[in-house]
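# Examination of the molecular architecture
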Amino acid sequence: MSSASGTPTSTPGPAGSGFVSTYDEVTKVRLEDPSRIARLAATRRRRTVADTDGTMMVIAADHPARGALGVGSRPQAMASRRELLDRMREALAVPGVDGVLGTADILEDLLLLGALEDKIVFASMNRGGLQGSSWEIEDRFTAYDAASIKQSGFDGGKMLTRIDLDDDRTSFILEASANAVTDLARHELIAMVEPFMSSRPGGGKIVNDLSPEAVIKSIHIAQGLGATSAYTWLKLPAVDDMERVMDATTLPTLILGGDPANDDPDTLRATWKQALARPNVRGLVVGRTLLYPADDDVTAAVAASVDMLR
């Protein structure tokens, strides 16, 4: 099978493994043998964070569950699930890619296709803050919980935690994120918290404040969530003055991918490289920027980022 960019994607597992090779077969399993998903999860070849070389490249694909389908000037770029899976499989097959972040629908499709073997897997937890909704800041936990992440044999859960000091509903998401951090820690799972200081200028769409001061404030709020921070990691944007920003925490941190609509790829990689120079920055979590590059060459985009990371 080839992706939209024409490059072969990862291949399914050996015959008799329970993996499938076509999307029609994925649907057939879901219809006739849905318990196969749990069986494959239980027998999946795993690697953990401890098995990496100290830095990680993680491919993210949890935007669609929040109704965010656009990439750059393409408002429906992620609308085709088969194309998204093609691109995900191609990205995960690039040497040096360590893992994936996604919701259950995507992760289970990839599991059936054999694409999660030997990968670190982070599960997305709160997707209820639908893009553009009036309640978007109140990002309810509608996807994985700690128990299901543990049962699936995955490595941790990620939560988006946007903080709008002018919106009373922010207190709900702070409490929900704190509870999730505590619950993940009870299961000895990584809690990956993605905080932003956010606002709605003029009552419009949510805007994240990417000034160093705002990111520093969000770090201090996020790392104090939960009954323990022993398993807490941060997922942060690469912004100006990363030395000062990362001085705000001792927690392991992964850098998020940025906005493909506004960021030049070379400039973006340069900001990632600056962030990665900080000792507590342990890798990248990148989605749309690498899965939907302007030239649609997924392999080249991912490989260039892996080379920069290593």
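Look above for the structure.
Below: a short report on this structure. (Residues numbered from 1 in each chain as written. Predicted model: local features only at pLDDT ≥ 70, side-chain atom pairs only at ≥ 80, totals over all residues. Heavy atoms only, no water.)

Let's shift gears to the packing of aromatic side chains. A full pass over the atoms with the stated rule returns two aromatic pairs. Considering the side-chain rings of Phe 122 and Trp 233, the 6.4 Å spacing of their centres and the 50 degrees angle between planes classify their relative orientation as tilted. Here the residue Phe 122 occupies a position in strand E3 (residues 120–124), and Trp 233 occupies one in strand E7 (residues 232–236), the gap between them amounting to 111 residues. Taking relative accessible area as the criterion, Trp 233 reaches 11% and is therefore assigned buried. Taking 6.0 Å as the distance between ring centres and 75 degrees as the angle between the ring planes, the aromatic pair formed by Tyr 144 and Phe 154 counts as edge-to-face. Of the two residues, Tyr 144 sits in the loop between E3 and helix H5 (146–152) while Phe 154 sits in the loop between H5 and strand E4 (156–163), which places them 10 residues apart along the sequence. (Phe/Tyr/Trp six-rings, centres within 6.5 Å; stacked < 30°, edge-to-face > 60°. Helix = DSSP H or I, 4+ residues; strand = E, 2+ residues; numbered from the N terminus. Buried < 20%, exposed > 50% of the residue type's maximum accessible area, 1.4 Å probe, protein only.)

With glycine set apart, most residues show a phi of negative sign, and most peptide bonds adopt trans. Positive phi outside glycine occurs at Glu 188, with the angle close to 55 degrees. The backbone phi angle of Asp 296 is positive, close to 60 degrees, even though this residue is not glycine. As for its placement among the helices and strands, Asp 296 is situated in the loop between helix H10 (288–291) and helix H11 (298–309). Using a relative accessible area of 24% as the deciding quantity, one classes Asp 296 as partly exposed.

Examined against the element boundaries, Glu 138 turns out to sit in the loop between E3 and H5. A distance of 2.8 Å separates polar atoms of two side chains, one belonging to Glu 138 and the other to Arg 140. Not counting residues within four places of it along the chain, the set of residues in contact with Glu 138 comprises Arg 169 and Phe 172. (Polar contact = N/O pair within 3.5 Å; in protein donor to acceptor, adjacent residues only side chain to side chain. Contact = heavy atoms within 4.5 Å.)

Positionally, Pro 237 belongs in the loop between E7 and helix H8 (242–246). Owing to a relative accessible area of 6%, Pro 237 belongs among the buried residues under this scheme. Sequence separation between Pro 237 and Arg 47 is 190 residues, and the spatial gap between their C-alpha atoms is 26 Å.

Right, let's talk about helix H6 (residues 170–186) for a bit. Between its first and last C-alpha, H6 extends 25 Å over 17 residues, near the 24 Å set by a 1.5 Å rise per residue. After H6 finishes, the residue Glu 188 shows a positive phi value of roughly 55 degrees. (Expected span 1.5 Å × (residues − 1).)

So, about H11. The end-to-end C-alpha distance of H11 is 17 Å, a good match for the 16 Å that 12 residues give at a rise of 1.5 Å each. Those residues of H11 lying buried are Val 298, Ala 301, Val 302, Ser 305, Val 306, Met 308 and Leu 309. One face of H11 carries all of its buried residues, which in axial projection span an arc of 160 degrees. (Arc of directions from axis to C-beta.)

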